[in-house]
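Summary of the model geometry
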Amino acid sequence: MKFMKIGTKPDAFQSDGNFIRYVTSDLASDIIVSVGELKFYLHKFPLLWKSVLMQKLVQKAAEDGAEDITLPDIPGGAGAFEVCAKFSYGMMVILNAYNVAAVRCAAEYLEMTEDVEQGNLVFKIEVFLTSSILRSWKDSIIVLQSSQSLLPWSEDLKIIGRCLDSIASKTSVDPSNVHWSYTHNRKLALHDRIVEVGLRSHEGVEPVPKDWWVEDVSELEIGLFKRLITAVKSKGRMDGSVIAEALKTYAIRWLPDTIEDMVSEDHVSRNKALLETILALLPSGSGCTCAFLLKLLHISILVRADEDIREDLMSRVSMKLDEASVNDLLIPSRCPESHESTVYDVELVQSILRRFIAMQTVNQGVDIVEKGAGLIGEGIGHRSLLSVAKLIDGYLAKVAHDQNLTLFSFIDLALMVPESARLTHDGLYMAVDTFLKVHPNMAKAERKRLCELVDVKKLTEEASMHAAQNDKLPLRLVVQVLFFEQVRAVQSLKAARSDTSQSVTNTTDEEPERTSSLRHQLSKMILNEGDAGIQISAKLLRKNSRSHSGAQLLPSRSRRIFSKIWNVGKKKSSVTSGSSQSPTSMVVGETKSSGSSSRHRRHSIS
């Protein structure tokens, strides 16, 4: 820290109790100066030689016959006046970053200028400020902080403005050229001392980062912080990401840690003003992270910020939604005390997603709809949609644990994602599975409507295995899963045989034709409602499983499930038709004549 010594005489000020100050001298004091609760017993002439104001006040006191002079509004109070008085006596005083602003304002108040004496206190302090204080990073911040209590004097004397300009200029310097300790709050690991940049060549010392200044300025009052960030931005040499980091650090520093403090009557107005200031300073473009914007959005809801502020934040979030994580979206509900309210604000996420989809539609110049199996759009927009689809599926899996989440809200959010943006349905399937677990008493129609969200053709092998054994799913969906697994197995077998000899190829070419015919029949049958369609699907799959020279295309676990499906369908069919045929007799019937086969088939359907 920079400091300056003025004067040569020893300090002769003494205290008599808590409210009396006097000068040790052979001469009796002839003037009493009252500053606040303190009384200074001094001598006229040292003060009159240095201060124009004291000359005026002493003359007026003499005309009124009074001995006391009162300085009720001197900036800096009794401490600053004492320094000015010691300077008048020629006593040694020390100026530093903590007291120089107060003494400078007090000297201006007392009119200790060059008009009275050359080299007066105002002149000396200005030299010290210009040559030392404003060249120091730490001292400039300290002076700026201390100037807040000296308004309007510190503003009129441009102390605040000069400090802001000095700090802003230093933040814009290339970090490799920084030659001061770049933080006085954070300790760097070099023998527990603050590291000077000149020592960066030491092994293990990291170079100065771009945001080296962020932590220090976060200590400023909100008004000064706003002016500083504005000055930094006006320089035009600071990355938006660094500005955003400064705003984030400031928000963490000053916003309460708990929701109770955030919404308390003592803090809500201050927090609202802080939020508005940060939002006004947010850089446009890619400066802010989506996680930070979502936190600000959450705060805006808690402090009941104006609607236009929330709208602005939601628009900003929607532009970066593909950068968010599931945890970022888990914003608590606005009415957590309500028994019917969801734990998380699902409607807010729906609104953000709706904006994102609309923005993607405008950017790509076309409607985001499914066309065949492809996804409209290329490049960044394509990747953003894929990322958001995965994000929303993960979010659905989280909020599905909430018992108060309605089926309509779940389905509505799931359907907002363009179908073609989901390359796989694994995430959506797991969300559906979770919802089924948490809501076991769903009606059959609701369960069917929920499961219609899942496209079994887009399930991976692992998800298909899980679905095939999931007893919470409708049997119709399980059959669909097993059917497409069978088709997938046939296609794999075909690919494996494609490199065989020509003679073998001619033989195996007949099997894909049979498979295609089978797939056509099963696709029609699986769409049929009721257990009869399930029985026929299972039977045909079994027949197809045996038709490939004994190759078992279905895994044993899937065959066991088919057996259960078969038995369930058989029992229901027996009750309807009065038949007592066993599954075995049904299978054997397949080897009999066409008439007999038709007879069995009609009997099982009726």
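Everything numeric here is computed off the predicted structure, so don't read it as measured data. (Residues numbered from 1 in each chain as written. Predicted model: local features only at pLDDT ≥ 70, side-chain atom pairs only at ≥ 80, totals over all residues. Heavy atoms only, no water.)

1. Focus on helix 6 (residues 137-147)
Residue pairs three or four apart in sequence face the same way in an α-helix, which turns once every 3.6 residues. As a reminder, the rule being used: Any residue under 20% of the maximum accessible area for its type is buried, any over 50% is exposed, and the rest in between are partly exposed; the area is computed with a 1.4 Å probe on protein chains only. Every helix listed is a DSSP run of H or I at least four residues long, and every strand listed is a run of E at least two residues long, numbered separately from the N terminus. Residue contacts follow a heavy-atom distance rule, with two residues in contact if any of their heavy atoms lie within 4.5 Å. Nitrogen and oxygen atoms within 3.5 Å of one another constitute a polar contact, given that in protein one can donate a hydrogen and the other can accept it, and given that sequence-neighbouring residues count only through two side-chain atoms.
Counting buried residues in helix 6 gives nine out of 11 residues, a clear majority hidden from the surface. For helix 6, the complete set of buried residues consists of Trp 137, Asp 139, Ser 140, Ile 141, Ile 142, Val 143, Leu 144, Ser 146 and Ser 147. Looking at the buried residues of helix 6, the elements they touch are helix 4 (100-109), helix 7 (153-156), helix 8 (159-171), helix 9 (214-217) and helix 10 (222-235). Put simply, Ser 136 is the residue that caps the front of helix 6, since its side-chain oxygen is 3.3 Å from the backbone nitrogen of Asp 139.

2. Some words on the pairing of strand 5 (residues 38-42)
Definition in use: Pairs of strands are assigned from DSSP output, requiring at least two bridges between the strands.
Burial of the side chains of strand 5 is restricted to one face: Leu 38, Phe 40 and Leu 42 are buried, whereas none of Lys 39 and Tyr 41 on the reverse face is. Sheet topology note: the strand 3 (residues 20-23)/strand 5 ladder contains three bridges and is parallel. What sits directly across from Arg 21, in strand 5, is Phe 40. Of the strand pairs in this sheet, strand 4 (residues 31-35) and strand 5 are connected by five bridges, and their pairing is antiparallel. Residue Ile 31 lies in a different strand from strand 5, and its bridge partner there is Leu 42.

3. Some details on the sheet that holds strand 6 (residues 68-70)
Test applied: Angles run from 0 to 180 degrees between N-to-C directions of axes, and those axes are lines fitted to C-alpha atoms, restricted for helices to the stretch in contact.
Ordered in space as 2-3-5-4-6, the five strands form an open sheet in which the pairing is mixed. Sheet topology places strand 2 (13-15) and strand 6 at the edges, where each strand pairs with a single neighbour. In this sheet, adjacent strand axes meet at a mean angle of 25 degrees when their direction is disregarded. Both strand 4 and strand 6 contribute to a ladder of three bridges, which runs parallel. Each residue of the ladder has a partner; that of Val 33, found in strand 6, is Ile 69. Packing of helix 3 (residues 77-89) onto the sheet brings it into contact with strand 2, strand 3, strand 4 and strand 5, and relative to strand 5 it is tilted by some 10 degrees.

4. Notes on the packing of aromatic side chains
Keep this limit in mind: Under the pairing criterion, centres of Phe, Tyr and Trp rings, with the six-membered ring standing for Trp, must be within 6.5 Å; the plane angle then separates stacked pairs below 30 degrees from edge-to-face pairs above 60, leaving the rest tilted. Geometrically, a charge over a ring is one whose NZ (Lys) or CZ (Arg) sits within 6 Å of the ring centre while staying within 35 degrees of the ring normal.
What the rule picks out here adds up to seven aromatic pairs. Taken together, a centroid distance of 6.0 Å and an interplanar angle of 40 degrees make the contact between Tyr 250 and Trp 254 tilted. Here Tyr 250 pairs with Trp 254, and both are found in helix 11 (residues 240-254), just four residues apart, close to one helical turn. The class for Tyr 250 is buried, based on a relative accessible area of 1%. Taking the centre distance of 5.0 Å and the plane angle of 45 degrees together, the rings of Phe 410 and Phe 435 count as tilted. One end of the pair, Phe 410, is in helix 19 (residues 407-416); the other, Phe 435, is in helix 20 (residues 426-438), with 25 residues separating them in the sequence. Following the ring pairs from residue to residue traces out a cluster consisting of Phe 225, Tyr 250 and Trp 254. Directly above the ring of Trp 254 sits Arg 253, whose terminal nitrogen or CZ lies 4.2 Å from the centroid.

5. So, the environment of Gly 161
Turning to its location among the elements, Gly 161 is positioned in helix 8. Between the C-alpha atoms of Gly 161 and Leu 144, which are 17 residues apart in sequence, the distance is 8.8 Å.

6. Comments concerning the packing of helix 13 (residues 268-281) against helix 15 (residues 307-319)
To keep things clear, this is the line we draw: Any angle that is under 35 degrees is reported as roughly parallel, and any over 145 degrees as roughly antiparallel; angles of 65 to 115 degrees are reported as roughly perpendicular and all others as oblique. Whether a crossing is left-handed or right-handed is set by the direction in which the near helix is turned from the far one by less than a right angle, anticlockwise for left-handed and clockwise for right-handed. Nonpolar residues are Ala, Val, Leu, Ile, Met, Phe, Trp, Tyr, Cys and Pro. Charged residues are Asp, Glu, Lys and Arg, and all others, Gly as well, are polar.
At a minimum axis distance of 11 Å, the contact between helix 13 and helix 15 shows a crossing angle of 45 degrees. Here helix 13 is positioned oblique relative to helix 15, judged by the angle of their axes. Helix-helix and strand crossings are classified by hand; for helix 13 and helix 15 the assignment is left-handed. For the pair helix 13 and helix 15, the contacting residues are Leu 275, Glu 276 and Leu 279 in the first and Ile 309, Asp 312, Leu 313 and Arg 316 in the second. Class assignment of the residues belonging to the contact of helix 13 with helix 15 gives a composition of four nonpolar, no polar and three charged.

7. So, helix 3
Applicable threshold: Here the expected length of a helix is defined as 1.5 Å per residue gap, with one fewer gap than residues.
Spanning 13 residues, helix 3 covers 19 Å between terminal C-alpha atoms, matching the ideal 18 Å at 1.5 Å per step. Here helix 3 lies mainly inside the structure; 11 of its 13 residues are buried. Taken together, the buried positions of helix 3 are Ala 78, Ala 80, Phe 81, Glu 82, Val 83, Cys 84, Ala 85, Lys 86, Phe 87, Ser 88 and Tyr 89. Within two residues after helix 3, Gly 90 carries a phi angle of roughly 85 degrees, on the positive side.

8. Considerations on the packing of helix 3 against helix 4
In the contact formed by helix 3 and helix 4, the axes pass within 9 Å of each other and the chain directions differ by 70 degrees. Considered as vectors, helix 3 and helix 4 are oriented roughly perpendicular to each other. Taken as a pair, helix 3 and helix 4 cross one another with a handedness that is right-handed. Here Ala 80, Val 83 and Cys 84 of helix 3 come into contact with helix 4, specifically with Ala 102, Val 103, Ala 106 and Ala 107.

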